[in-house]
Amino acid sequence: MARSASKAAAARRNGFLIAAASLLLLIWVFPLIWAVIVSLKSESEVLAYPPRVIFEPTFQNYSDALFGGVSILPSLVTSLIVSTSTTILTIIIAVPAAYAFARLRLRGKKWLGFYTLATQMVPPVGLVIPYFLILNKIGWLDTFQGMVTVYLTFSLPFAIWLLVSYMEDIPREMEEAAFLDKANRFQTLWHIILPQVRGGIAVTVIFIFLNAWNEFLFAVQLGGNTVRPVTVAMFNFVSVEQTLWAKLSAAALVAMLPMIIIGIAAQKQIVKGLTVGAVKGGGRL
Amino acid sequence: MTAKGHVSLHGIHKTFGTFEALKGIDLDIQPVEFFALLGPSGSGKTTTLRILAGLEAPDDGRIMIDGNDVTGTQPGERDVAMVFQNYALYPHMTLAANIGFPLKMDGVAKNKIPDLVRQAAARVKIDHLLHRRPGQLSGGQQQRCALARAIVRQPRLFLLDEPLSNLDAQLRLETRVELKKLQRSLDVTTVYVTHDQEEAMTIADRMAVFLDGDIVQVGTPDEVFNRPLSVHVAAFIGSPPMNLFAGQLEQGAVKVGDYEIKLPKSPDHAAGDVTVGVRPSHIRLSDHGLPARLYLSENLGESMLLNFLVDDQLVKVRLPEVRRFAENETTALSFEPEHIHLFDQKTGLRIGS
Amino acid sequence: MFATERNFALLMVAPGLLVLLLTTTFPLVFLLWNSFHTVNLAMPFLDGFAGLDNYARMMADSRFWHALQLTAIYTFSSVALQLFIGLGLALLVMQISAGQWLFRIVAILPIVLAPVVVGLFWRTIMLAPEFGIIDFIFRILGLGQVNWLGSPTPALISVIIIHTWQWTPFAFLVLLASLAALPPEVFEAAKIDKAGAFQRFRYITLPLIRPAVVIVVIMRSMIALSAFAAIFAATGGGPGTATEILNLYAYKTSFVELNFGYGSALAVSLLVITICVSGLLFRLRTAHRG
Ligand SMILES: Nc1ncnc2c1ncn2[C@@H]1O[C@H](COP(=O)(O)OP(=O)(O)OP(=O)(O)O)[C@@H](O)[C@H]1O
Ligand SMILES: [Mg+2]
């Protein structure tokens, strides 16, 4: 009797927990779901009051956003180019640096590591101001090389720092064994270290790509008509006199779809990356 | 000298920060010798091995291999192979790739590698596992893979750092024997680090005993066991190690308390305070000698280990048969003069032969 | 061998450090240089060395102090909210036996969205007067209409909510991961020692996850201090200057008023604040450790 009562209490408790948690869960998905609903409405349907849940869905907004007068398609391509170039360049520069920080003897390594970490904390607004003047002077405003250069400011310190924490996990003996096997340092990095941090590199790539794709401040101020990443192109649908909510929702969802897919597919890796940073972050270098 | 693999260390010093890990060691290892570095934890064995391999640079001293000074050379240039305590297998490669890696780095022709790998693997009986990765192997198989990787390119020197310590007791005994056979068949100089003296005694041709960053004795296992050169070695070697008593050396005899043992021939040493060492197996229970009270008896199956109290000192006695003893039984302990080891009480050095 | 190791190491870090030096340090030095000059793209004929003028102006600028105050409110409240909600939810979800993956998946969604998109979503379909869904919900609940982004206090609350909405999942996921990594034996032992739920949290869970908590606070504070896109998209700093945190003020001064000298000085002040806050937080972290 008593047992079944306590069982019922436990079930009630569990039910309450699930309800409370689900409510919060709903708060997080709701704006996205609502955006999906809005994106399937016609612009006039959007402005109906009270908002209707039952309506005739249309894909017009999507085709307008992609192929209409203010298509975001070129911007998607721009974002892809910028994000991919940033990612590749960052990895190429960051991997050797991270290896040196994680493993090699180097005078002043501690201070150099600290410097790398510190560069990551610079508020972007402190960079966008001088960059505007510098890029303006050298004619790199609204160019791909300019944008990628600026994106290195956030991607590179982050990548080095994340990769260091992955490389530090590889036992030192592994490398020493390779030295005795007559591998030189570069071969050791290539054959022994890199294959073992593939997971870490993947996480780093995901993070850099995500951050580059989602970046806005540099994009809006240092880009222009040639280089207009998709985060800036969103504003095509927002103006003072008239806001095209349905098209905006459709365009935003299209622009965010790659990120959402990456996020869900690589959920484990992203959390790992977040927590690697959280557990080891700072202090280590 | 035709055989290769002659190693010598001259005055090697190594400090880590302010800690002196090696205090100037000298060592001469003959070609084809199976040489053990034995010593308690932290005594500098691994450091010595790593200096031999070139993974650590000595602060002072020279390393010679086959007459060449290799002190400043890279590990890869020394033609030595090493088996690490945790094996250090490359987890992302198959066994075949692991074993073949040194060949690949050495520039061996690609088409020759598979055969050499198979031969090396066959020697340690893992040729049926070549397609697996290290993670899919047992500890013993991993250990063999590490061995195969070491022997595949026929180095002139093998360095093994406690290669058996991660195996269970049974496997350790078996592998010990195989290792010795393997070394014999390969005829390659081997330096073997262990803190297990039984292992060193059974496997090594000669050994060096390390204590606190110094080599305190070099010799065959027999020599080290039967003629420990200092009281420190005496206190380390043997399980359990020998009992040490404070005694007095007099004309033709040595006295421990009131117990006097006549010496067949007087050692060449002034009379005075000495330390008297006797192995547990060399002590007899008899009606004369040191009065002792039984404190604890351990039954080891075929023999017994008895712990006696002589005054306040614990004395271990190994009895070749199993008997019953009464608690607190009193008896006397005696030993033969030829089984006595004498050490100078001040210097700790051995007296006489 | 170690001489060559040093050379090799230098070769490996040199490109990275060089790039960092060129792409981050040099612009920052230039920023500092600008802050001591008059740099006005609208009136280039006035350009020249200005000494501490920009900083003197800043000290006397009530809009600066207002922005500073908003930055403090914005950072403190959004980080506190993220931490408390994130920790609470993590503790809650830890007790749910099945379906944790669903929470992890949902929580990743806001994190991967571009802040500017989040800002736009909230500005339009969520919070817009008349047609926004929140407004609708308030009306049917009889709470009346609130001009969320159009009047000062609600606007500030809104941008804090938007930031909290997007980044609480970060705190949640990190804390959930560190909770999941705790050895269950500890809690079982505590249960045997008759510790109640609150005592278990206070004396066991909290000390064990303290490093993660501190890191969450550090990382989120840094991000909150330099938050830009979501506010820019949702309110643009308005109405008036109601949501104009220091970040936005520096931006607007530079790119709207084209006064790059003063904008630089404002950005330098933000940089100094960021350094101080991070230094303080890092000290906190090591203090607890030692
Ligand atoms: N890289 C290092 N930095 C600082 N101290 C070190 C380092 N390597 C070794 N030591 C110290 O040097 C001493 C000798 O170490 P070593 O590894 O040679 O001991 P060992 O005889 O192999 O011991 P064990 O049987 O425990 O492996 C130890 O006290 C150790 O703490
Ligand atoms: Mg060792």
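Conventions and cut-offs
- Residues numbered from 1 in each chain as written.
- Chains lettered and ligands numbered in written order.
- Predicted model: local features only at pLDDT ≥ 70, side-chain atom pairs only at ≥ 80, totals over all residues.
- Heavy atoms only, no water.
- Near = heavy atom within 4 Å.
- Polar contact = N/O pair within 3.5 Å; in protein donor to acceptor, adjacent residues only side chain to side chain.
- Areas by Shrake-Rupley, 256 points an atom, 1.4 Å probe, with all protein chains shown as cover.
- Helix = DSSP H or I, 4+ residues; strand = E, 2+ residues; numbered from the N terminus.
- Pairing = 2+ DSSP bridges.
- pLDDT = per-residue confidence, 0-100.
- Contact = heavy atoms within 4.5 Å.
- Domains from an automatic or database assignment.
- Buried area = accessible area lost by both parts, 1.4 Å probe.
- Salt bridge = Lys/Arg side-chain N within 4 Å of Asp/Glu carboxyl O.

Draft legend 1. Molecular detail of the site of ligand 1. Residues and elements named next belong to chain B. Of all residues adjacent to ligand 1, which total 13 residues, the nearest are Ser41, Gly42, Lys45, Thr46 and Thr47. Ser41 is positioned such that a nitrogen or oxygen atom in its side chain is 2.5 Å from an oxygen atom of ligand 1. Glu162 is positioned such that a nitrogen or oxygen atom in its side chain is 3.3 Å from an oxygen atom of ligand 1. Protein chains bury 61% of the 640 Å² of accessible surface belonging to ligand 1 in isolation. Elements represented by at least two residues in the shell around ligand 1 include exactly strand E2 (19-29) and helix H1 (45-53).

Draft legend 2. Representation of the sheet that holds strand E21 (residues 350-351) of chain B. All names here are of chain B. Spatial strand order, E13-E12-E11-E14-E20-E21: six strands in an open sheet with antiparallel pairing. Each edge of the open sheet carries a strand with a single partner, namely strand E13 (259-262) and E21. Strand direction decides the pairing type here: strand E11 (residues 243-250) and strand E14 (residues 272-278), joined by seven bridges, are antiparallel. Counted as the bridge partner of Leu244 is Gly277 from E14.

Draft legend 3. Layout of the confidence of the model for chain A. For chain A, the mean per-residue pLDDT works out to 86, and 94% of the residues sit at or above 70. Here residues 280-285 of chain A is modelled with pLDDT under 50, and outside its nearest four sequence neighbours on either side it reaches 19 contacts, counting other chains as well.

Draft legend 4. Inspection of the domain arrangement of chain A at higher detail. All names here are of chain A. For chain A, the domain assignment lists domain 1 (2-59) and domain 2 (63-280). Centre-to-centre separation of domain 1 and domain 2, based on C-alpha positions: 34 Å. In total, about 700 Å² of surface goes out of reach between domain 1 and domain 2, with carbon and sulfur atoms giving 68% of it. Where domain 1 packs against domain 2, one counts one salt bridge. For the salt bridge of Glu43 with Lys247, the shortest nitrogen-to-oxygen distance reads 3.9 Å. The tally of links from domain 1 across to domain 2 stands at four residue pairs in polar contact (both at pLDDT 80 or more). Those elements giving two or more residues to the side of domain 1 that touches domain 2 turn out to be helix H1 (2-39) and helix H2 (43-46). When residues of the side of domain 1 that touches domain 2 are assigned to their parent elements, the largest contribution, five residues, is made by H1.

Draft legend 5. Structural view of unusual backbone geometry. All names here are of chain B. With omega at -10°, the peptide bond leading from Ser239 into Pro240 counts as cis. Within the element layout of this structure, Pro240 appears in the loop between helix H8 (231-236) and E11. Although it is not a glycine, Asp187 adopts a positive phi angle of roughly 55°. A positive phi angle is found at Asn328, which is not glycine, with a value near 60°. The residue Asn328 is located in the loop between strand E18 (313-319) and strand E19 (330-334) in this model.

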